[in-house]
Every structure is written in C-alpha cells, then in structure tokens.
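Examining the three-dimensional arrangement
If you want the building blocks of each chain, they are given just below.
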Amino acid sequence: MTKNCLIIGIKSSLGNEIKRIFKINKYEVFGTSRNFNKNFNPHEIYLDFANLDSLNNLKNQIPNIDCLIFCSGILIGKDINGYKDEEIFKVYQTNIIGPVITLSRISKKLQKKSSIVFIGSIAGSAGSYDEVYASSKSALTGLVKSLAKKSENLMRFNLIAPGLIENSTMFKKFSSAEIENHKLNTPTKELNELRKISQICFNICQDEWSQLNGQTIDINGGRYV
C-alpha cells in the first residue's frame, strides 16, 4: 500500500528536497504553501497560517497521513530591540503558532505509527543574536517532548535542529563573511547539505527508528554540543 507524506511549507528549499526524497521512495507526497492557488489541487494545497479558513479546510483536502513534516520557518535577523510588533507576531505565527494550529486541525488524519517531524534550528538549542527567532524555534522542543509523552496510536514526534544549510533560503540571506565565520566556528568546517538533512528526515520516519520519540536531533558539526 502506498504511504502518504504531507509537507507543510513544501515550497521552501528544504521542503522541496524532502519532497524529492520521499517521491523517490514511492510515497504519495502532498504539500502546502501560501503561494499555491486557492483552487483545489490534490497535491498542492493552499495554506496560510494567517488565514483561518485555509487552516480549517486543510483536513478536508488531504488523505490519511503516514509522515507529516513541518518545514515552515522565517528568520528576520534582528535583535529584539530592532523588531516591530508585527514582525514578532509574524515570526511566532510562522515558526510555532501556525504548526501547532495545523497539527490540531489534522490530528485525526494521522495514521497508526505515523511519524511527525518538525524542522527547527541550532538557534533553538544554542540561542542566537535574533532572540525572537531563537525563542520561536526553542518552543518546538517543548512541543515535541509534550506530544511524545502522550502520543496515541504509536505516533512519534521528533525535531531536527540543523545548523546552517548550504543553499537553503536562510543561507542566501547570509553574507560571504558570515558564511565563512560559520564554517570556521564549526569543528567539521562544513555546512549542512539540503540532500543530507532531507535524507535524515526520511530515515527517521521509517520503522527502524520506531523508538525515536520526543527527541531533538542536533545536526551542526559540533558547533553546539
């Protein structure tokens, strides 16, 4: 029987690569984006965390799901004194509030033994110059641990917290000097790759990882330990 994967934020650089990996492995892949047309497409679903109707309608547009991946994220790159109120709300809405509401709306669509993976950040574990972003990502840790402790139907909840990913949307916001500094402060002297993080995401959804639940997986080359 074909398994179904739903990727929230499929148009992101990482979401697109995760889609590729799951499709190679014969999954039926569905994805959401606020950039998709509002007309119904079974595989490209309009979802905007700021649009309550789209959140409420999502459950009616998807089949039962075996793997649910949250790739939504926004980094503004300011310290707390530089933020406008609406920017703070937007970061929290995208990085934590939207995923929580989405999960609450579609929880009944999750199959037995389904795997739910959130994409976090090293900033959520180690802190960051951008306190708002870091705190929004760190909230995912508490969410995953709490969900795992009372998960039903053998469902699993885990968080991947990567360091900077080469050629990702966020990577492209960094200057050459910032990227070089990031490498110098990483013991392996390398950045993460989209392909490798996507493959890890796929792997932990498989039965070999059935005991992985409620965990944060830090993948940062030793930059944060």
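Residues numbered from 1 in each chain as written. Predicted model: local features only at pLDDT ≥ 70, side-chain atom pairs only at ≥ 80, totals over all residues. Heavy atoms only, no water.

1. So, the pairing of strand β1 (residues 4–8)
The buried fraction of β1 is high, at five of five residues. Going residue by residue along β1, you find Asn4, Leu6 and Ile8 tucked away on one face and Cys5 and Ile7 tucked away on the opposite face as well. When β1 meets strand β2 (residues 28–33), the two strands line up parallel, connected through five bridges. Of the residues in β2, the one forming a bridge with leucine 6 is phenylalanine 30. Following the chain from β1 across helix α1 (residues 13–24) to the adjacent parallel β2, one finds a crossover that is right-handed. (Buried < 20%, exposed > 50% of the residue type's maximum accessible area, 1.4 Å probe, protein only. Helix = DSSP H or I, 4+ residues; strand = E, 2+ residues; numbered from the N terminus. Pairing = 2+ DSSP bridges. Right-handed = clockwise from strand over helix to strand, strands pointing away.)

2. A word on the environment of tyrosine 46
Along the chain, the position of tyrosine 46 falls in strand β3 (residues 44–46). Its relative accessible area of 14% is what places tyrosine 46 among the buried residues. Put simply, tyrosine 46 and asparagine 57 are eleven residues apart on the chain and 9.5 Å apart in space, counted from C-alpha to C-alpha. If near-sequence neighbours (up to four positions away) are discounted, tyrosine 46 is found in contact with Ser33, Arg34, Phe36, Asn37, Lys38, Asn51 and Ser54. At 3.5 Å, the side chain of tyrosine 46 forms a polar contact with the side chain of asparagine 51. (Contact = heavy atoms within 4.5 Å. Polar contact = N/O pair within 3.5 Å; in protein donor to acceptor, adjacent residues only side chain to side chain.)

3. Regarding helix α5 (residues 131–149)
Its 19 residues place the ends of α5 28 Å apart at the C-alpha level, agreeing with the 27 Å of an ideal helix rising 1.5 Å per residue. Within the sequence span of α5, burial applies to Val132, Tyr133, Ala134, Ser136, Lys137, Leu140, Leu143, Val144 and Ala148. Here the buried face of α5 lies against α3 (85–106), β5 (110–119), α4 (122–126) and β6 (156–162). Near the N-terminus of α5, the side chain that reaches the backbone nitrogen of valine 132, with its oxygen 3.3 Å away, is that of aspartate 130. (Expected span 1.5 Å × (residues − 1).)

Treat this as a map of the structure, not an account of what it does.
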